[in-house]
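Spelled out from the first residue to the last, the chains are:
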Amino acid sequence: MKLIENNLEKHRYKFEKGGKLEKWAPLYRAADTIMFWTSERTKSAPHVRDALDLKRFMMMVIVALIPATVFGIYNIGYQHYVAMGESFSFIDALGFGLVKFLPIVIVSYAVGGFWEVLFAIIRKHDINEGFLVTGILFPLTLPATIPLWQVAVAISFGVVLGKEVFGGTGMNILNPALTARAFVFFAYPARISGDKVWTAVDMAKDKVVDGFSGATPLLVASNTPGGQSAIHNVTGTTYGDFSWINMFYGLIPGSIGETSTLAILIGALILIITGVGSWRIIVSVYAGGFLMAFLMNIFAGPQSTGMFTLPAHFHLVMGGFSFGAVFMATDPVSASQTYRGKWVYGFMIGALAILIRTVNPAYPEGMMLAILFMNIFSPLIDHYIIKANINRRLSRATQ
Amino acid sequence: MAEFNLKRGYDIRISGEAERDIETLPSPKKVALLPSEFPGIKPRLDVDEGDQVKVGTPLFHDKERPEIKFVAPVSGKVAAINRGERRRLLEVVIENDEQKNVEQNGNRDKKNIEKMSREEIVSQLLNGGMWPHIRQRPFSKIANPGDVPRDIFISAMDTAPLATDPNFIIEDVKEHFQFGLDILSKLTDGKIHLSMTGKKEQRSAIFEQAEGVEKHYFTGNHPAGNVGVHIHHIDPIKIGGDFVWYVQPYAVGLIGKFFKQGYFANDRIVAKVGSSLNNRKYYKTVVGAPISTFIKEKDLNDEEQRFILGDVLTGQKTSIKGYISFYKHLVTVIPEGSEKRKLVGYFRPGMDLPSFSRTFLSSILKKNDKFTMDTRIFGEHRAFVQTGSYEKVLPMDIYPAVLMKSILAEDIEEMEGLGILELDEEDIALCSYIDLSKTNFGALLRHGLDLIEKEG
């Protein structure tokens, strides 16, 4: 370690102002400060600073993602072996999952990282740690069968158009990981919807068990014909057990990181305890979703599609609802910034997600669209709350 | 009278408080006045090196408002006029001849004062060098002698890290405090608001028994003791030319003393605090006394120290060769940050580092401990990644981050609407402290305030 530190120190001058490698300074500084915490001192007041920095803040999000990631990796293998009808051990499933998952993550970090570094060098600023989170969040929203070139194209779109064109981390309006996810969804719908993509089996070569369907519970629910009860359809599936508790645990087909509500809630707990994620947003997304689903149940009539009948608590454990509520909606940059705004923002995300799921069967995954939509509206929500603050002050002046 | 219980705020968990023990120091051999600590003042010298001065002889005055004078705290000879870059005036040093010759402003008894007109009081304060104790919000600059303020605010509590306790040091001027209040009450047509700590057992009887004032009680973590926070809750500054004055309680006592003795009251009590010091306590001395008169090399613990005039959040850097300041009753000495860089230090459990956030184990397992804190920044400067924490350390109806963005955009109307006029650097110092993007909110706020002043 001393060797690395000494080497970094030895070459530092080349990257400083006037050094011959000056333009590569962002890359050097990123490597340097990720390895060793800076020992820089304050120059003026405040003379002491809080020990929390952006690196630790972002690392906390990554720690919170560990349960969902590990579960997701295991579930890739689990779904594969179940579909093939083979017996397997815990290690088998984890190993298979890793083989599928690692390339996706590596491509996401490498390609996204390339753009980050490029923009940092052009703009002459430091590389922002926010990408550490984007780079892992995005793969977790994908099916395990996603082609790697699509991962590369989508993360490029997410980082460049979702973030860098606005001026980089802190200035972006949309959540970059979700922007990338939306890009795949609309550009390559065949690889991210339907019922054939969620399980890592090769339909051409692999021989799957009889009755294999591969459809996600959400898809089953949204395919419920009018007049029938969605819950009957979901729990009555012959392939896989889609009971509420099973979906809560998460051994079901779906995007890599989204299936286990339990693992996601462990992450939520970490975010809330450390204060890194806004509990206001998480709570209000669940509240908004629950109430909207409840409302839809009331509106369900004989003419409406079966989705209307899906009970509220089922909605919360299906699809990307929980993952979005905990990890996507809480992105501090694209969310509302005021406390009151966070309540409105979160509630609207939950409500809109369920509304889209229910009334538009073409987009059963309403969560992604709901969050992106509210990302766009969050500055407006804040605007009205701040305007009210200004008006309070102005009304004092004229009294 | 009102009680305010402020929920938001944060007491930095720094160790190194002073003991409640005052030692009276002998008259120092030299003293210095530091023009740079008076915000908005352009100093013009009234003396040259070698000139003889008495207690109360003007050393320099403000270029824009020449009636505001800054006077010698002791009698003797002007020993040095130290300038910095671009000939900026840094220090006017006086060699003390210990003769205690004074510039007498006329002897008077209490009865005479009661008959004095407002104009007379103002001109006495100006000529006697006591005026700089009276400051104005917004802008936190020395008050305009021609103005009549809406109200005058006195904060008899200090919640800043390791701060001196006004309830303790007021004892030194207890026989003058009420007299000082009586004089101040002639300067405004409004009220004098005296804010005290809500903790009864900590409150000084001198404040409790004050007459002719409106009393308020504040409870809460820092910055609950800041005068800006008190103004905001008692009667906030309104947009469009509204202003109030504020005076430190010890200075109120000094003003009382000044009118009784007829010449500049040079007393100062200063505490030495911070984990780099042994033998931490209070000292009675004179304004501008050298720091070395009460901090000796043998008092210092750490290899390398940061000397701060004032508290760790808002003070200015100084050194053992420096002098105590006009407004601050505190010298803090803390260790400089270690040069050693820890491997992935930002990802360690963090038992030894205090944090406002709950991302360090210390926040959970060592909730009530105090820590030795040094001058490390902990991280690099980044763009705002807002987390909504800033509001948690500012007990005012203000959105600090939104305000900062409006200052970056130099939108004056928006800044005023968002409450910039109610703020001073000291009020938002905690926002900088907790900021994970390591932004300096104070410098930005001052930039905004300067813009507004310039626009006029």
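Residues numbered from 1 in each chain as written. Chains lettered and ligands numbered in written order. Predicted model: local features only at pLDDT ≥ 70, side-chain atom pairs only at ≥ 80, totals over all residues. Heavy atoms only, no water.

1. Considerations on the environment of Leu 418 of chain B
Within the element layout of this structure, Leu 418 of chain B appears in the loop between α10 (412-417) and α11 (425-434). With 19 residues separating them in the primary sequence, Leu 418 of chain B and Tyr 399 of chain B have C-alpha atoms 7.1 Å apart. Among all residues touching Leu 418 of chain B, those that are not within four sequence positions of it are Ile 386, Asn 389, Ile 390 and Arg 393 of chain A together with Ile 398, Val 402, Leu 403 and Ser 406 of chain B. (Helix = DSSP H or I, 4+ residues; strand = E, 2+ residues; numbered from the N terminus. Contact = heavy atoms within 4.5 Å.)

2. Side note on the sheet that holds strand β12 (residues 152-155) of chain B
Residue and element names in this part refer to chain B. Read from one edge to the other, the open sheet built from seven strands follows the order β1-β14-β13-β12-β15-β10-β11, with strand pairing classed as mixed. Across the chains shown, the open sheet's two edge strands, defined by having one partner strand only, are β1 (2-5) and β11 (141-142). Note that β1 and strand β14 (residues 214-219) share four bridges and pair parallel. Looking across to β14, one finds that Glu 3 is bridged to Tyr 217. Those strands touched by helix α6 (residues 227-234) are β1, β10 (135-137), β12, β13 (192-197), β14 and β15 (244-246), and its axis lies near 125° from that of β12. (Pairing = 2+ DSSP bridges. Axes fitted to C-alpha atoms, helices over the stretch in contact; angles between N-to-C directions.)

3. Overview of the domain arrangement of chain B
In many analyses, interface size is given as the accessible surface area lost on bringing the parts together. All names here are of chain B. For chain B, the assigned domains are domain 1 (2-22 + 109-261), domain 2 (25-96) and domain 3 (390-455). For domain 1 versus domain 2, the distance between C-alpha centres works out to 25 Å. Contact with domain 1, which involves 12 residues of that partner, is made by 10 residues of domain 2. There are zero salt bridges connecting domain 1 and domain 2. Run the count over domain 1 and domain 2 and you get four residue pairs in polar contact (both at pLDDT 80 or more). Looking at the side of domain 1 that touches domain 2, the elements with two or more residues in it are α2 (118-127) and β11. (Domains from an automatic or database assignment. Salt bridge = Lys/Arg side-chain N within 4 Å of Asp/Glu carboxyl O. Polar contact = N/O pair within 3.5 Å; in protein donor to acceptor, adjacent residues only side chain to side chain.)

4. A few points about the sheet that holds strand β8 (residues 76-83) of chain B
Residue and element names in this part refer to chain B. Within the open sheet, the four strands sit side by side as β3-β9-β8-β5. Their pairing is antiparallel. One side of each edge strand has no neighbouring strand; the edge strands of this open sheet are β3 (30-33) and β5 (52-53). Note that β5 and β8 share two bridges and pair antiparallel. When the bridges of β8 are listed, Gln 52 appears paired with Lys 77.

5. Regarding the environment of Trp 115 of chain A
Within the secondary structure, Trp 115 of chain A sits in helix α4 (residues 90-123). Among all residues touching Trp 115 of chain A, those that are not within four sequence positions of it are Ser 156, Val 159 and Val 160 of chain A.

6. Some points on a nonpolar patch on the surface
Residue and element names in this part refer to chain A. Taken together, Leu 161, Val 165, Phe 166, Met 171, Ile 173, Phe 373, Ile 376, Phe 377, Leu 380 and Tyr 384 make up a surface patch of nonpolar side chains, about 920 Å² in accessible area. Examining the composition of the nonpolar patch, we find that five residues originate from one element, helix α16 (residues 366-398), more than from any other. Locating Val 165 in the fold gives a position in the loop between α6 (148-162) and α7 (176-187). (Patch = residues over 30% accessible without salt bridge, like charges linked within 9 Å, V, L, I, M, F, W, Y side chains within 5 Å. Areas by Shrake-Rupley, 256 points an atom, 1.4 Å probe, with all protein chains shown as cover.)

7. Quick notes on helix α12 (residues 441-455) of chain B
All names here are of chain B. Given a rise of 1.5 Å per residue, 15 residues ought to cover 21 Å, and the 21 Å separating the end C-alpha atoms of α12 matches this to within 8%. Every buried residue belonging to α12 is among Phe 441, Gly 442, Leu 444, Leu 445, Arg 446, Gly 448, Leu 449, Leu 451 and Ile 452, and all of these are buried. Contacts from the buried residues of α12 go to α9 (400-408), α10 and α11. Between the side-chain oxygen of the N-cap and the backbone nitrogen of Gly 442 there are 3.1 Å, and the N-cap of α12 in question is Asn 440. (Expected span 1.5 Å × (residues − 1). Buried < 20%, exposed > 50% of the residue type's maximum accessible area, 1.4 Å probe, protein only.)

8. A short note on the pattern of salt bridges
Applying the stated criterion across every chain yields a total of 41 salt bridges over all chains. The salt bridge partner of Glu 380 of chain B is Lys 55 of chain A, with a shortest N-O separation of 2.7 Å. Here the residue Glu 380 of chain B occupies a position in the loop between α8 (361-365) and α9, and Lys 55 of chain A occupies one in helix α3 (residues 54-84), the pair thus bridging two chains. Judged by relative accessible area, Glu 380 of chain B falls into the buried class, the value being 12%. Taking the relative accessible area as the measure of exposure, Lys 55 of chain A reaches 3% and is therefore buried. The salt bridge partner of Lys 200 of chain B is Glu 208 of chain B, with a shortest N-O separation of 3.7 Å. Each of Arg 29, Lys 55, Asp 126 and Glu 129 of chain A together with Glu 380 and Arg 382 of chain B takes part in a single network of salt bridges with overlapping partners.

9. Remarks on the packing of aromatic side chains
Residue and element names in this part refer to chain A. Counted under the stated rule, the structure contains 33 aromatic pairs over all chains. Aromatic pair Tyr 78 and Phe 88: ring centres 5.8 Å apart, planes at 85°, arrangement edge-to-face. Of this pair, Tyr 78 sits in helix α3 while Phe 88 sits in the loop between α3 and α4, placing them 10 residues apart in sequence. By relative accessible area, Phe 88 is classed as partly exposed at 26%. Here a set of aromatic residues connected by ring pairs shows up, and it is made of Tyr 74, Tyr 78, Tyr 81, Phe 88, Phe 90 and Phe 96. When the ring centre of Tyr 339 is taken as reference, the NZ or CZ atom of Arg 280 above it lies at 3.9 Å. (Phe/Tyr/Trp six-rings, centres within 6.5 Å; stacked < 30°, edge-to-face > 60°. Lys NZ or Arg CZ within 6 Å of the ring centre and 35° of its normal.)

10. Overview of helix α1 (residues 2-15) of chain A
Residue and element names in this part refer to chain A. The end-to-end C-alpha distance of α1, which contains 14 residues, comes to 20 Å, matching closely the 20 Å that a straight helix rising 1.5 Å per residue would cover. At Glu 9, α1 shows its maximal kink, close to 25°. The set of residues buried in α1 consists of Glu 5, Leu 8, Lys 14 and Phe 15. Of the surrounding elements, those touching the buried residues of α1 are α2 (25-35). (Bend = angle between axes of the 7 residues up to and from the residue.)

11. Here we look at the packing of helix α12 (residues 279-299) of chain A against helix α14 (residues 321-328) of chain A
Each pair of packed helices can be described by the angle between their axes along with the distance between the axes. All names here are of chain A. It is at 8 Å that the axes of α12 and α14 come closest, and there the two elements cross at 150°. It follows that α12 is roughly antiparallel to α14 by the angle criterion. By crossing handedness, the relation of α12 to α14 is classed as right-handed. Packed against α12, whose contacting residues are Ile 282, Val 285, Tyr 286 and Gly 289, the element α14 presents Phe 321, Ser 322, Ala 325 and Val 326 at the interface. Residue composition of the contact of α12 with α14, by class: six nonpolar, two polar and no charged. (Parallel < 35°, antiparallel > 145°, perpendicular 65-115°, else oblique. Left-handed = near helix turned anticlockwise from the far one by under 90°. Nonpolar A, V, L, I, M, F, W, Y, C, P; charged D, E, K, R; others polar.)

12. Regarding the interface of chain B and chain A
Opposite the 77 residues of chain B that make contact, chain A presents 60 residues. Of the roughly 6,200 Å² buried where chain B meets chain A, counting both sides, 55% is carbon and sulfur surface. When the buried surface of chain B facing chain A is broken down by residue, Arg 341, Tyr 346 and Arg 382 of chain B rank first, second and third, together holding 16% of it. Counting across the chain B and chain A interface gives nine salt bridges. In this structure, Glu 304 of chain B and Arg 41 of chain A form a salt bridge, with 3.1 Å as the shortest nitrogen-oxygen distance. Summed over the shared surface of chain B and chain A, the result is 38 residue pairs in polar contact (both at pLDDT 80 or more). Mapped onto the side of chain B that touches chain A, the elements with two or more residues apiece are β18 (305-309), β19 (316-318), α9, α10 and α11 of chain B. For the side of chain B that touches chain A, the leading source of residues is α11 of chain B, giving four residues. For the side of chain B that touches chain A, the residue count by class is 32 nonpolar, 21 polar and 24 charged. (Buried area = accessible area lost by both parts, 1.4 Å probe.)

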